[in-house]
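# Summary of structural features
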Amino acid sequence: MADEDDAAAVRRCLDGQTEAFEELVERYERVLFRVALRMLGNTEDAQDATQTAFTKAFEQLHRFDPSFRFFSWIYRILSNECLNQRRSWRPQIAMTVDLVAPGGPFEDLEADERRRRVQAALLELFSHSQAGGN
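Residues numbered from 1 in each chain as written. Predicted model: local features only at pLDDT ≥ 70, side-chain atom pairs only at ≥ 80, totals over all residues. Heavy atoms only, no water.

## What about the environment of Asn-80?
For Asn-80, the position within the fold is in helix H4 (residues 70–88). On a C-alpha basis, the gap between Asn-80 and Ala-53 in space is 8.7 Å, while along the polypeptide they are 27 residues apart. (Helix = DSSP H or I, 4+ residues; strand = E, 2+ residues; numbered from the N terminus.)

## Remarks on the pattern of salt bridges
Close approach of charged atoms lets side chains of opposite charge pair. Summed over all chains, the structure comprises six salt bridges. The residue Glu-23 makes a salt bridge to Arg-12 at a minimum N-O spacing of 2.1 Å. One end of the pair, Glu-23, is in helix H2 (residues 21–40); the other, Arg-12, is in helix H1 (residues 2–14), with 11 residues separating them in the sequence. Take Arg-12: its relative accessible area is 26%, and that puts it in the partly exposed class. (Salt bridge = Lys/Arg side-chain N within 4 Å of Asp/Glu carboxyl O. Buried < 20%, exposed > 50% of the residue type's maximum accessible area, 1.4 Å probe, protein only.)

## Examining a negative patch on the surface
A cluster of acidic residues, Glu-19, Glu-22, Glu-26 and Glu-29, forms a negative patch at the surface. By the element assignment, Glu-29 lies in helix H2. (Patch = residues over 30% accessible without salt bridge, like charges linked within 9 Å, V, L, I, M, F, W, Y side chains within 5 Å. Areas by Shrake-Rupley, 256 points an atom, 1.4 Å probe, with all protein chains shown as cover. Lys, Arg positive; Asp, Glu negative; His and termini not counted. Charge placed at Lys NZ, Arg CZ, Asp CG, Glu CD.)

## Considerations on the packing of H2 against H4
Taken N-terminus to C-terminus, the directions of H2 and H4 make an angle of 40°; their axes are 10 Å apart at the nearest point. Relative to H4, the element H2 lies oblique. H2 and H4 meet at a crossing whose hand is right-handed. Counted together, Phe-21, Leu-24, Tyr-28, Val-31, Leu-32, Val-35, Ala-36, Met-39 and Leu-40 of H2 and Phe-70, Phe-71, Ile-74, Tyr-75, Leu-78, Ser-79, Cys-82, Leu-83, Gln-85 and Arg-86 of H4 form the full contact between these two elements. In terms of residue class, the contact of H2 with H4 is made up of 16 nonpolar, two polar and one charged. (Axes fitted to C-alpha atoms, helices over the stretch in contact; angles between N-to-C directions. Parallel < 35°, antiparallel > 145°, perpendicular 65-115°, else oblique. Left-handed = near helix turned anticlockwise from the far one by under 90°. Contact = heavy atoms within 4.5 Å. Nonpolar A, V, L, I, M, F, W, Y, C, P; charged D, E, K, R; others polar.)

## Section: the side chain of Asp-6
Of note, Asp-6 is situated in helix H1. In contact with Asp-6, not counting residues within four places along its chain, are Leu-24, Arg-27, Tyr-28, Phe-70 and Phe-71.

## Concerning the packing of aromatic side chains
For any pair of aromatic rings, the description rests on two quantities: the centre-to-centre distance and the angle between the ring planes. Tallied over the entire structure, the rule returns eight aromatic pairs. Between Phe-21 and Phe-58, the aromatic rings sit 5.2 Å apart at their centres with planes inclined by 70°, giving edge-to-face as the arrangement. One end of the pair, Phe-21, is in helix H2; the other, Phe-58, is in helix H3 (residues 43–59), and 37 residues separate them in sequence. Taking the relative accessible area as the measure of exposure, Phe-58 reaches 36% and is therefore partly exposed. Considering the side-chain rings of Phe-64 and Phe-70, the 5.7 Å spacing of their centres and the 70° angle between planes classify their relative orientation as edge-to-face. Of the residues examined, Phe-64 reaches a relative accessible area of 9% and is grouped as buried. (Phe/Tyr/Trp six-rings, centres within 6.5 Å; stacked < 30°, edge-to-face > 60°.)

Structure, rendered in structure tokens:
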């Protein structure tokens, strides 16, 4: 039934009743958003991809082949949009221990902090032993 409703909405839209496209958006927006969210991992990117997919579908509606399901067609548009977004992300290179130079400022700070904690612990032990011996 949904396939027939989709085909009818597409025909009306192509005949100039562009508000018919809203039916398609309402029918598939949530499921497509969930797909985009799984593919992209964050809400904002998923919303952008879903909106872009609907925009592209509307602009290219004249290319839709009614012998296929509308959902399959727009799903493919969305998938391609998500893949394009993922490709555009800059690769994040994690620094490994091998990349950190020994004796750098981080290690110096860490060593100072460790030294301070050891001295504080020793002073506390010493003060407890002095208090207990009286």
